[in-house]
Amino acid sequence: MAARRIIERDGWEKLTVRRLAAELGIGTTTLYHHVRDREDLLVQLLNEHTEQTLRLDPPGEPRDRIVAAAVAMHDSLAAWPWAAEILTTDGFLARLGEPALRVVETIVAAAIEHGCSPAQAVHLFRSLWYYTVGEILVRAHTVHRHGDQSPAAGRDTFFETGIDASRLPHLAALGDQWPELAAQDTYAQALGAFVDGLLAQAAQR
């Protein structure tokens, strides 16, 4: 799709109705028969993406449903990481179609079934959302910075200036292991612990 080509080539900020019309070789007025404005164009792209990539078949227990829904959300966004960046802009999440909103519904409903109040369920979803989007964007930008190389192939800039072992002994001991360890995919493992902690915290309150 032409709009996706523009995003993947130049970034989503460069996508406009006028630019898409030029890419398609049609008049801007013609394209406005199909989209209202740039935001509507982005929402249509996001909804198309989630309909194609979001697979949700959660298990029975509330805690496991929360984890499964968050993983499905992560995997869908990881397939097109710039979708995650678009969704960090205020107002976009609420305008998504039913496939994406089913994930939100699943997480909120499972949290309430587990014993959370509605407010706690919303806070739990938001915490998982921030964690998921942050993980995707950090990895996407790291890969972009290193080009075709693995992020672990280059030295992390944090260590380029050297570390004083007397002041930062644990980081000095890790040394060159840091980039390789940071590149490991620990999302699902950390997610389970994160969900358990959030649910336990809600129960205490």
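What counts and how
- Residues numbered from 1 in each chain as written.
- Predicted model: local features only at pLDDT ≥ 70, side-chain atom pairs only at ≥ 80, totals over all residues.
- Heavy atoms only, no water.
- Core = buried A, V, L, I, M, F, W, Y, C linked by side-chain atoms within 4.5 Å.
- Buried < 20%, exposed > 50% of the residue type's maximum accessible area, 1.4 Å probe, protein only.
- Helix = DSSP H or I, 4+ residues; strand = E, 2+ residues; numbered from the N terminus.
- Expected span 1.5 Å × (residues − 1).
- Phe/Tyr/Trp six-rings, centres within 6.5 Å; stacked < 30°, edge-to-face > 60°.
- Lys NZ or Arg CZ within 6 Å of the ring centre and 35° of its normal.
- Contact = heavy atoms within 4.5 Å.
- Axes fitted to C-alpha atoms, helices over the stretch in contact; angles between N-to-C directions.
- Parallel < 35°, antiparallel > 145°, perpendicular 65-115°, else oblique.
- Nonpolar A, V, L, I, M, F, W, Y, C, P; charged D, E, K, R; others polar.

**Q** Sorry, what's going on with the nonpolar core here?
**A** Note that soluble globular proteins tend to have their nonpolar side chains buried in a common cluster. Judged by nonpolar contacts, the single largest core of 53 residues is most densely connected at Leu15 and Ile66. Contributing elements (two or more residues each) for this core: α1 (2-10), α2 (17-24), α4 (38-53), α5 (62-78), α6 (81-87), α7 (98-114), α8 (118-146) and α11 (187-204). A per-element tally of this core places α8 first, with 8 residues.

**Q** Looking at this structure, how should I read α5?
**A** The periodicity of an α-helix, 3.6 residues per turn, causes residues three or four places apart in sequence to face the same way. Taking 1.5 Å per residue as the helical rise, α5 with its 17 residues ought to reach 24 Å, and the 24 Å between its terminal C-alpha atoms agrees with that figure. The complete set of buried residues in α5 reads Pro62, Arg65, Ile66, Val67, Ala69, Ala70, Ala72, Met73, His74, Ser76 and Leu77.

**Q** Mind showing me how you'd approach the packing of aromatic side chains here?
**A** Inspection of every chain in the model, using the stated rule, returns 3 aromatic pairs. Ring centres of Phe125 and Trp129 lie 6.4 Å apart, and the angle between their planes is 15°; this geometry places the pair in the stacked category. Remark: Trp129 and Phe125 occur in helix α8; sequence separation between them is 4 residues, near one turn of the helix. Looking at Trp129, the relative accessible area reads 6%, which means it is buried. Put simply, the rings of Tyr131, Tyr187 and Phe194 touch in pairs and so form one group of aromatic residues. Looking at Arg4, its charged tip hangs above the ring of Trp80, at a distance of 4.3 Å from the centre.

**Q** Would you mind showing me how to read the side chain of Asn47 here?
**A** For Asn47, the position within the fold is in helix α4. Judged by relative accessible area, Asn47 falls into the buried class, the value being 15%. Once residues within four sequence positions are removed from consideration, Asn47 is found in contact with Arg95, Leu96 and Gly97.

**Q** So what exactly am I meant to see when it comes to the packing of α1 against α4 here?
**A** Angle between the axes and distance between the axes are the two parameters that describe a pair of packed helices. At a closest axis distance of 11 Å, the pairing of α1 and α4 adopts a crossing angle of 95°. The angle between α1 and α4 falls in the class roughly perpendicular. Contacts between α1 and α4 pair Ala3, Arg4 and Ile7 from the former with Leu45, His49 and Gln52 from the latter. Split into classes, the residues belonging to the contact of α1 with α4 amount to 3 nonpolar, 2 polar and 1 charged.

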